[in-house]
Structures are given as structure tokens and as C-alpha cells.
Amino acid sequence: MTGAVSVGDAVVVSFGDGMLRIFRSDKMPQELKLHEGVVLCLAADGDGHVLTGGDDGQFLRTSLEGGVEELADFGTRWVDCVAASHGHVACSSGKEAHVWTFGQSKVTVFEHASTVGGLAFDDKGKRLAVSYYGGATIWAREKRWKSSKVFWKGFHGDTCFSPDGKYLVTCMQENALHAWRLRDKGDFAMPGYPAKIKSLAWVGETPHLVTSGADEAIAWPFDGKDGPLGRKPVCVAYNEDELVTCVHALPDQDAVFVGFRDGAVQLAELDETKPAIVISGSTGSEVIEIIIAGLHILVGDAAGNVLWAPLWEGTSFAQHV
């Protein structure tokens with residue numbers, strides 16, 4: 001398993017064999033063969049489709065009914081990252097980020113100083129962040145695309161904007177987060193993680209940025225004038241020294257699902273005084289994705305196992321696919 005996204009009441013899961021599998025509450029899982037190799041990246045486009053990039057160089061847009069549109073073919077160059085928001089879709093290959101706008105045939109290409117590590121649109125779809133070694137470039141579109149850069153030494157991978165658009169955050173190779181306050185480009189580091197941060201989730205209205213990479217879910221507060229600068233994170237969900245490998249927000253709640261290296265899953269409120277609820281015990285394989293779709297939850301692990309069940313059916317999952 002390489003990724004998962006929700007599309008309406010369905011969850012779409014990508015795999016290393018080039019397959020997509022679509023899970024719905026009232027149907028058997030549907031399989032689609034898309035790529036001749038590994039599906040490296042996956043995103044929902046907000047229009048009932050999913051975007052995929054593979055090590056076969058293809059960037060595809062696929063409907064849940066199985067219709068496939070090739071947006072680009074980069075030949076031997078991998079498609080490393082994909083993103084979408086408000087009618088814009090983007091992918092990266094090597095040092096380049098490619099952006100399409102629905103209804104327009106023209107593609108815009110942005111070249112960067114080194115290989116792209118992450119792509120993310122803001123919530124309004126007006127800015128695209130591209131991370132790489134040494135920092136990130138923020139491309140903003142008004143009448144035309146304009147760029148601004150932020151800097152910090154090291155390789156920057158996955159990236160995201162805060163929900164209010166005031167901050168940009170990146171996951172670094174050096175087991176740390178880095179953030180920039182975009183109004184003045186003031187920056188700060190969030191170091192000290194024992195492992196690489198593989199998963200991020202914005203949780204609650206405050207909001208908090210919850211991360212993997214430690215033996216608890218680490219939740220950084222991003223409210224107030226300066227966000228987490230000079231403040232301690234909230235730490236929730238503990239599983240006998242097992243590392244957290246995946247986090248996913250419980251919609252409309254100050255709570256987060258937390259997946260661990262041993263396969264266990266907990267649900268925790270962002271309150272250190274309240275114990276987490278055990279959702280699933282150890283399976284022996286680390287949790288890669290947790291996705292909520294309607295009243296169902298999907299958990300996928302590194303061994304390719306997928307657990308799909310009604311969200312509130314006790315403390316264990318009803319179906320192992």
C-alpha cells in the first residue's frame with residue numbers, strides 16, 4: 001500500500017503493483033490497474049476523481065467508474081508528488097512542478113533549484129507551495145503566477161499550509177518540522193523527533209498540527225499571533241514506546257486517530273488528561289494510512305493489508321480485506 005484518499009463516501013487506495021482499489025460501504029472492493037509499476041503518489045481532485053503518479057512516468061486522472069485520462073507522460077522520469085485544489089491540479093517530476101487548470105489546455109511549468117520534495121495548494125487554491133533542498137517556493141496566482149521563496153538549509157519533503165493560510169510547514173530529512181510565518185517570512189524549527197515525520201494532520205478549530213515521528217502523537221498549536229513559537233506541544237496517545245507512523249483527524253472534533261509501527265490504532269482527544277481509546281490492537285505491520293469516509297474507517301498497513309469497517313462498531317474492525 002502506498003496511499004489512500006477519500007472521495008465522497010468511497011476510499012481509494014493505491015499499491016506498489018500499479019493498482020487502485022476502491023472501497024465503498026455497500027459494495028465489494030473494486031480494482032483498477034493503472035500504472036506499470038509503483039503508484040508513488042495519490043490525491044483527490046475535488047471533482048470525484050483521483051490523481052496518481054507512478055514510476056512509469058505517467059500522471060493520470062481517474063474516475064471512480066474507471067475512466068482514465070492521461071494528463072502527462074514523462075517517460076523514464078518518475079512522477080513524485082501530486083496535488084489538487086479548486087480546479088487546479090499539479091504534479092512534480094525531478095526539479096519541475098507542472099500545473100493544469102480545468103478547462104484550459106495549457107500547462108504551466110515551474111523549475112526549481114533541486115528535486116521537488118513536496119507539493120501543496122492552500123485551502124483556497126490560490127497558492128502552490130513547492131518544497132526542495134534549501135527551502136520552498138510559493139507560487140501565487142492572480143493575473144499570472146508570481147513566486148516568493150523561503151529558505152532553510154536541508155532537504156524539505158512533504159509540505160502543507162495551515163488552514164488559515166498564515167503558515168507553511170515542511171517535513172525535513174533531519175527528523176524535524178520547519179515552519180514559516182508567511183506575513184513576514186519569520187521561521188522556526190520544531191526539532192527533537194526520534195524518527196522521520198511521515199504523516200501530518202490539521203486537527204480542530206484552534207488548529208493543532210498533529211504529527212507522527214515520536215512515541216506519541218505530537219500536536220503543535222497554531223493559534224494566536226505566533227503559533228507554536230515558544231510553546232510546548234500537546235502529546236497524546238501512547239503505545240508502549242511504539243513509534244507513531246500515521247495520524248488522521250476525526251472530522252469536526254478536537255480528536256485524532258493515531259496509527260503505530262506495530263499496527264495498533266488509537267483515538268485520542270487533544271487533551272493530555274484524557275486517555276486514548278484503543279480502536280485496534282497490534283498486527284505486526286506499521287500503519288501507513290487512516291482515512292474516514294462517511295461512517296466508515298479504513299486503515300492500511302505496510303504489508304498491504306486493508307481494514308475497512310463501520311466507524312463506531314466496537315473497538316475492533318469488522319472486516320479484513
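In this text the structure is predicted, and so the values were computed from the model without any measurement. (Residues numbered from 1 in each chain as written. Predicted model: local features only at pLDDT ≥ 70, side-chain atom pairs only at ≥ 80, totals over all residues. Heavy atoms only, no water.)

### Brief notes about the overall build of the protein chain
Along its length, the protein chain carries 0 helices and 29 strands. Against the globule reference of 20 Å for 321 residues, the protein chain gives a C-alpha radius of gyration of 19 Å, in line with a compact fold. Within the span of the protein chain, comprising 321 residues, buried residues form 56% of the whole. Residue pairs in contact within the protein chain that sit at least 24 positions apart in sequence constitute 37% of those at least 6 positions apart. Per element, the accessible surface of the protein chain, about 14,300 Å² overall, is 49% carbon and sulfur. (Helix = DSSP H or I, 4+ residues; strand = E, 2+ residues; numbered from the N terminus. Rg over C-alpha atoms; globule rule 2.2 N^0.38 Å. Buried < 20%, exposed > 50% of the residue type's maximum accessible area, 1.4 Å probe, protein only. Contact = heavy atoms within 4.5 Å. Areas by Shrake-Rupley, 256 points an atom, 1.4 Å probe, with all protein chains shown as cover.)

### Some points on the sheet that holds strand β16 (residues 167-172)
Hydrogen bonds between backbone atoms are what pair the strands of a sheet, whose relative direction is either parallel or antiparallel. In spatial order, the strands read β13-β14-β15-β16-β17-β18; together these 6 strands make up an open sheet with antiparallel pairing. On the outer flanks of this sheet lie β13 (118-121) and β18 (186-190), each paired with one strand and no other. Direction aside, the axes of adjacent strands within the sheet are offset by 25° on average. In this sheet, β16 lies alongside strand β15 (residues 145-161) in antiparallel orientation, the contact comprising 4 bridges. Bridge assignment links C160 to a residue of β16, and that residue is V169. (Pairing = 2+ DSSP bridges. Axes fitted to C-alpha atoms, helices over the stretch in contact; angles between N-to-C directions.)

### Quick look at unusual backbone geometry
In terms of backbone geometry, most residues other than glycine have negative phi values and most peptide bonds are trans. Looking along the chain, the bond that leaves T206 and enters P207 is cis, with omega of -15°. Turning to its location among the elements, P207 is positioned in the loop between β19 (200-203) and β20 (208-211). Positive phi, normally seen in glycine, also occurs at N175, with a value near 55°. The residue D252 is not glycine, and still its phi comes out positive at about 65°. Tracing the backbone shows D252 in the loop between β23 (244-249) and β24 (255-260). Here D252 falls in the exposed class, since its relative accessible area comes to 80%.

### With respect to the pattern of salt bridges
Applying the stated criterion across every chain yields a total of 14 salt bridges. The salt bridge involving D184 is made with R181; its shortest N-O contact spans 2.9 Å. The partner of R181 in a salt bridge is D226, with the nearest N and O atoms 2.8 Å apart. Here D226 lies in the loop between β21 (216-221) and β22 (234-238) and R181 lies in strand β17 (residues 176-181), a separation of 45 residues in the sequence. We classify R181 as buried; its relative accessible area is 12%. (Salt bridge = Lys/Arg side-chain N within 4 Å of Asp/Glu carboxyl O.)

### Some remarks on the sheet that holds strand β29 (residues 306-310)
Pairing in this open sheet of 3 strands is antiparallel, and the strands run β27-β28-β29 from one edge to the other. Edge positions in the sheet fall to β27 (287-293) and β29, since each of these pairs with one other strand and no more. Ignoring which end each strand starts from, the neighbouring axes of this sheet average 15° apart. Pairing analysis gives 6 bridges linking β27 to strand β28 (residues 296-301), with the strands arranged antiparallel. The residue bridging E289 from the neighbouring strand is G300, located in β28.

### With respect to the packing of aromatic side chains
One pass over the full model with this rule turns up 7 aromatic pairs. For the ring pair W202 and F222, a centre distance of 5.0 Å and an interplane angle of 80° mean the geometry is edge-to-face. Highlighted residues: W202 in strand β19 and F222 in the loop between β21 and β22, separated in sequence by 20 residues. Across this residue pair, the class does not change: W202 and F222 are buried. (Phe/Tyr/Trp six-rings, centres within 6.5 Å; stacked < 30°, edge-to-face > 60°.)

### A closer look at the nonpolar core
Counting residues in hydrophobic clusters, the biggest one holds 17 residues, and the most contacted among them are V203, V210, V236, V247, V256, V258 and L270. Listed by contribution, the elements that provide at least two residues to this core are β19, β21, β22, β23 and β24. Filtering out sequence-adjacent residues up to four positions away, V258 remains in contact with A217, A237, V244, C246, A264, V265, Q266 and I290. V169, F188, M190 and A214 belong to the second largest nonpolar core, which has 16 residues in total. (Core = buried A, V, L, I, M, F, W, Y, C linked by side-chain atoms within 4.5 Å.)

### What to know about the environment of I291
For I291, the position within the fold is in strand β27. On the basis of relative accessibility, which here comes to 6%, the residue I291 falls in the buried class. If near-sequence neighbours (up to four positions away) are discounted, I291 is found in contact with A4, V5, S6, V11, H248, H296, I297 and L298.

### Description of the pairing of β21
Counting buried residues along β21, 5 of its 6 residues qualify, which places the element largely inside the surrounding structure. Both β20 and β21 contribute to a ladder of 4 bridges, which runs antiparallel. Opposite T211, over in β21, you have I218 as the bridge partner. Counting the residues between successive antiparallel strands, the hairpin from β20 to β21 contains 4 residues, one of them, G213, with a positive phi of roughly 105°. When β21 meets β22, the two strands line up antiparallel, connected through 4 bridges. Along β22, the bridge assignment pairs E216 with Y238.

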